[in-house]
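Per-entry structural report
Now for the letters of each chain:
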Amino acid sequence: MSAEPSLLAPVASEPLPPSRTVLMRLVRNPVVAIGGAVLMLMTLLGLFAPMLGTLDPTAINPSTRNRMPGFERTIRADDGTTTVFKHRMGTDSLGRDVYSRVVYGARVSLLIAVSVATVSIAIGLFIGLIAGYVRPLDGIIMRFMDGLMAIPGILLAIAVVSLFRSGLTSVIIAIIVPEIPRVVRVVRSIVLSVREEPYVEAAIMQGTRLPKLMVRHILPNTVAPLIVQGTFIAASAILVEAILSFLGIGIPPEIPTWGNIMAEGRNLFRVFPHNILYPGIFLGITVLAVNMLGDGLRDTLDPKMAGR
Amino acid sequence: MAGYILRRLLATIPVLVIVAVLVFLMLRLTPGDPAAVIAGDNATTEQIALIRNRLGLDQPILAQFAIWAGNLMQGNLGESFFFKKPIGELIIGRIEPTLSLAFATMLIAISVAIPLGVLAAYKHGSWIDRVVMGFSVMGFSVPVFVIGYALIYVFAITLGWFPVQGYQPLSGGFGGFLHRLVLPAVTLSVIYIALIARMTRASVLEVLSEDYIRTARAKGQVERKILFRHALKNAAVPIVTVVGIGIALLIGGVVVTESVFSIPGLGRLTVDAVLARDYPTIQAVILLFSGVYVGINLMIDLAYSLFDPRIRY
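Scoring rules and cut-offs
Residues numbered from 1 in each chain as written. Chains lettered and ligands numbered in written order. Predicted model: local features only at pLDDT ≥ 70, side-chain atom pairs only at ≥ 80, totals over all residues. Heavy atoms only, no water. Helix = DSSP H or I, 4+ residues; strand = E, 2+ residues; numbered from the N terminus. Buried < 20%, exposed > 50% of the residue type's maximum accessible area, 1.4 Å probe, protein only. Areas by Shrake-Rupley, 256 points an atom, 1.4 Å probe, with all protein chains shown as cover. Lys, Arg positive; Asp, Glu negative; His and termini not counted. Charge placed at Lys NZ, Arg CZ, Asp CG, Glu CD. Salt bridge = Lys/Arg side-chain N within 4 Å of Asp/Glu carboxyl O. pLDDT = per-residue confidence, 0-100. Patch = residues over 30% accessible without salt bridge, like charges linked within 9 Å, V, L, I, M, F, W, Y side chains within 5 Å. Contact = heavy atoms within 4.5 Å. Buried area = accessible area lost by both parts, 1.4 Å probe. Polar contact = N/O pair within 3.5 Å; in protein donor to acceptor, adjacent residues only side chain to side chain. Nonpolar A, V, L, I, M, F, W, Y, C, P; charged D, E, K, R; others polar. Domains from an automatic or database assignment. Expected span 1.5 Å × (residues − 1). Bend = angle between axes of the 7 residues up to and from the residue. Core = buried A, V, L, I, M, F, W, Y, C linked by side-chain atoms within 4.5 Å. Phe/Tyr/Trp six-rings, centres within 6.5 Å; stacked < 30°, edge-to-face > 60°. Axes fitted to C-alpha atoms, helices over the stretch in contact; angles between N-to-C directions. Parallel < 35°, antiparallel > 145°, perpendicular 65-115°, else oblique. Left-handed = near helix turned anticlockwise from the far one by under 90°.

1. Let's talk about the overall build of chain B
Looking only at helices and strands, one finds 14 helices and zero strands in chain B. Counted from the first residue to the last, chain B has its helices and strands arranged as α-α-α-α-α-α-α-α-α-α-α-α-α-α. With the C-alpha coordinates of chain B rotated into their principal frame, the extents come out at 85 × 60 × 35 Å. Relative to its full complement of 313 residues, chain B shows a buried share of 47%. Of the roughly 15200 Å² of accessible surface on chain B, 68% is carried by carbon and sulfur atoms. Across chain B, 24 positive and 17 negative side-chain charges occur, with their mean positions spaced 12 Å apart.

The following block contains the structure:
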């Protein structure tokens, strides 16, 4: 893990810098390639949602409620021209186009995945560095984290959500809180092992100040494990958002998220299974892609764990 | 050994205390006055003051915590805002469906996942291995309720083999009880199977490269016995650990599965309490679930030290 160049290696056959070889190994790993490609596709879907033949995902239309996939409707524009719109995935019980909601739903899910992963890692990293390095605080911080981890994740998220008004931010906070202790644990254990390394001791002997010591010598060791951890957090964030929204305690129902579309489709599931089927497939594929990416990253960045 | 057990028992106390403090603070952080909520919309200021006094809400926060913790010790979980009933009673009435679901799920998960994991490790690198691993990643990627609705659609609506939703208490006959439990338990077991199969495979794979496995093969031991007696037994510790950690997943899954299948258990109670902003009930359910989670993992840890002679502390 340490990036010290070997003094004995002959200059002529100097290997590629580690960052480039890692990147090449990653791209060659089919699991990473497939996961990354699917994720890219979902991101593009979310970004270009308005251009993909979608309607306003929140537009309610009482005259076309609960239509099966493939139903065609004539839309009259303001200037009097008419177009035929095909509801590829049918409509929900408020007449909203399910296809448009599913496509726009990718935005919310990916936004949640990215924000939860980055924020929980940033907070967890900060706390973990302190716990690992400032010995007197270690005990207190870790007992507190043990307490948080003793509450099953989804329950903790439900509890946090119940404290606030429902909304995107409160759902993101609710998903972040249970993830923090897991990041803290990983970071702390890395700090504890790295701080005994000779190069860290040497840096301390040279009088390196604490902030610089942290950033230059300790932090780089946490990057690879945290990237892996981050992808798994992203995957679980998408799932937890869907679960919270599905239970009716997540994001307000008019916002198109995959969980909300499925929650809306619950009551009429027997007759119109497509309201659960389509968002379910999109959600499953996206989470699967993130998980594949995580597995591939772990195998490449931490070869000891390969294939486990 | 006795010293270890005692230390391990003592170590769980701070964890439970912190859980209790967090859960207690949660109620204090909530917007609004619990006394006003209990009193209802038409209450006078005096009535609210009376309730506040009865609940001890007019005391300093530390005293409030002491009263609340004291009541908790005596098994008094308080009164539900929404159901207007003692929470203890409420929980006891909801325990049977949840326990049945959890037990059935565990039973299915363990009896499917461990053979799958051992097989995948034994056939390491083969298509069987890849199928098991692929299933495991997929199990982690699909939310419980999507699996639930897919199973309902196929086995209840299309094939008509099982009822769509609902629960029948054990006292109403074992056949009907089991009939209604199959789909929810299978639904909930998917993620658990994924978790346990993956860990079993990894753990057995590691053990299979040990010298004593080679020795057992050399003396002509049958493969089946090598796998299940020599390998699985020695690979058991991480597997049992992950079964314990997975209880957290199971508890989260119970909340969702009970909603999908309309099972009147503790999970459904949790969701109803959150929707009604019934904070004392939310607190009690979280405390209960966390206590069970910590307790089971404690028992698993202690079981190792008793049954596995290699573990010495």
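Having seen the model, we can carry on.
2. What to know about the pattern of salt bridges
Applying the stated rule across the entire model yields 12 salt bridges over all chains. Residue Arg298 of chain A pairs with Asp295 of chain A through a salt bridge whose shortest N-O separation is 3.2 Å. Here Arg298 of chain A and its partner Asp295 of chain A are both found in helix α10 (residues 274-301), three residues apart, which amounts to about one turn of the helix. Each member of the pair Arg298 of chain A and Asp295 of chain A is classed as buried. Between Arg8 of chain B and Asp301 of chain B there is a salt bridge whose closest N-O contact spans 2.8 Å. Of this pair, Arg8 of chain B sits in helix α1 (residues 2-29) while Asp301 of chain B sits in helix α14 (residues 279-307), and the two are 293 residues apart along the sequence. When salt bridges that share partners are traced, they join Arg135, Asp138 and Arg188 of chain A into one network.

3. Some thoughts on the confidence of the model for chain B
Across chain B, the average pLDDT comes to 83, with 94% of residues at or above 70. With a pTM of 0.84, the predicted complex shows an ipTM of 0.83.

4. Focus on a positive patch on the surface
All names here are of chain B. The grouping of Arg224, Lys225, Arg229 and Lys233 at the surface amounts to a positive patch. Inspection of the secondary structure assignment puts Arg224 in helix α10 (residues 223-234). Overall, the relative accessible area of 58% leaves Arg224 in the exposed class.

5. A short note on the interface of chain A and chain B
With 40 residues of chain A at the contact, the number on the chain B side is 47 residues. Both faces combined, the contact of chain A with chain B buries some 3700 Å², and carbon together with sulfur accounts for 76% of it. Linking chain A to chain B there are one salt bridge. Across the pair Asp295 of chain A and Arg198 of chain B runs a salt bridge whose closest N-O atoms are separated by 3.1 Å. Our enumeration of links across chain A and chain B arrives at four residue pairs in polar contact (both at pLDDT 80 or more). Among the secondary structure elements, those contributing two or more residues to the side of chain A that touches chain B are α4 (135-149), α5 (153-163), α8 (210-246) and α10 of chain A. Broken down by element, the residue count for the side of chain A that touches chain B peaks at nine residues, all from α10 of chain A. Split by residue class, the side of chain A that touches chain B holds 25 nonpolar, seven polar and eight charged.

6. What to know about the environment of Pro178 of chain A
Residue and element names in this part refer to chain A. Following the sequence through the fold, Pro178 ends up in helix α6 (residues 168-194). Taking the relative accessible area as the measure of exposure, Pro178 reaches 6% and is therefore buried. Residues Pro178 and Ala150, 28 residues apart in the sequence, show an inter-C-alpha distance of 9.9 Å. Once you skip the residues sitting within four places of it in the chain, Pro178 turns out to touch Gly153, Leu156 and Ala157.

7. Points about the domain arrangement of chain B
All names here are of chain B. Taken domain by domain, chain B holds domain 1 (2-73) and domain 2 (94-307). The straight-line distance from the C-alpha centre of domain 1 to that of domain 2 is 34 Å. The interface is formed by 16 residues belonging to domain 1 together with 15 residues belonging to domain 2. Across the interface of domain 1 and domain 2, roughly 1300 Å² is buried in total on both sides, 80% from carbon and sulfur atoms.

8. Topic: helix α5 (residues 87-122) of chain B
Structurally, the α-helix is built with 3.6 residues per turn, so residues lying three or four positions apart point the same way. Its 36 residues give α5 of chain B an end-to-end C-alpha distance of 50 Å, which sits within 8% of 52 Å, the value for a rise of 1.5 Å per residue. Helix geometry: α5 of chain B is bent most strongly at Ile95 of chain B, by close to 40°, with proline Pro97 of chain B lying one to four residues after it.

9. Some words on the nonpolar core
Side chains of a nonpolar character, in soluble globular proteins, are inclined to be buried together. Among the nonpolar cores identified, the biggest contains 162 residues, and Leu244 and Trp258 of chain A together with Phe145 of chain B are the most heavily contacted of them. Of the residues forming this core, the biggest block, 16 residues, is contributed by α8 of chain A. Looking at which domains feed residues into this core, each of domain 1 (2-73) and domain 2 (94-307) of chain B supplies at least three.

10. Section: a nonpolar patch on the surface
Where nonpolar side chains cluster on the molecular surface, the patch consists of Tyr153, Val154, Ile157, Leu159 and Trp161 of chain B and spans about 450 Å² of accessible area. Looking at Ile157 of chain B, the relative accessible area reads 32%, which means it is partly exposed.

11. Observations concerning the environment of Val294 of chain B
Mapped onto the fold, Val294 of chain B is located in helix α14. Separated by 135 residues in the primary sequence, Val294 of chain B and Leu159 of chain B place their C-alpha atoms 41 Å from one another. In contact with Val294 of chain B, other than residues within four places in its own chain, are Ala150 of chain A together with Thr12, Val15 and Leu16 of chain B.

12. A short note on the packing of aromatic side chains
A complete count under the given rule lists five aromatic pairs over all chains for this structure. Centre to centre, the rings of Trp258 of chain A and Phe282 of chain A are 6.3 Å apart; their planes meet at 50°, and the pair counts as tilted. Note that Trp258 of chain A is positioned in helix α9 (residues 258-265) and Phe282 of chain A in helix α10, a separation of 24 residues in sequence. Overall, the relative accessible area of 0% leaves Trp258 of chain A in the buried class. On the basis of relative accessibility, which here comes to 18%, the residue Phe282 of chain A falls in the buried class. Considering the side-chain rings of Phe155 of chain B and Trp161 of chain B, the 5.7 Å spacing of their centres and the 40° angle between planes classify their relative orientation as tilted. What makes Phe155 of chain B partly exposed here is its relative accessible area of 26%. Members of the aromatic cluster, connected to one another through ring pairs, are Phe246 of chain A together with Phe145 and Tyr149 of chain B.

13. Some words on the packing of α5 of chain B against α14 of chain B
Residues and elements named next belong to chain B. For the pair α5 and α14, interaxial distance at closest approach is 10 Å and the crossing angle is 55°. When the axis of α5 is compared with that of α14, the two are oblique. With respect to the hand of their crossing, α5 and α14 are arranged in right-handed fashion. Contact residues: α5 offers Ile87, Leu90 and Ile91, while α14 offers Pro280, Thr281, Ala284 and Leu288.

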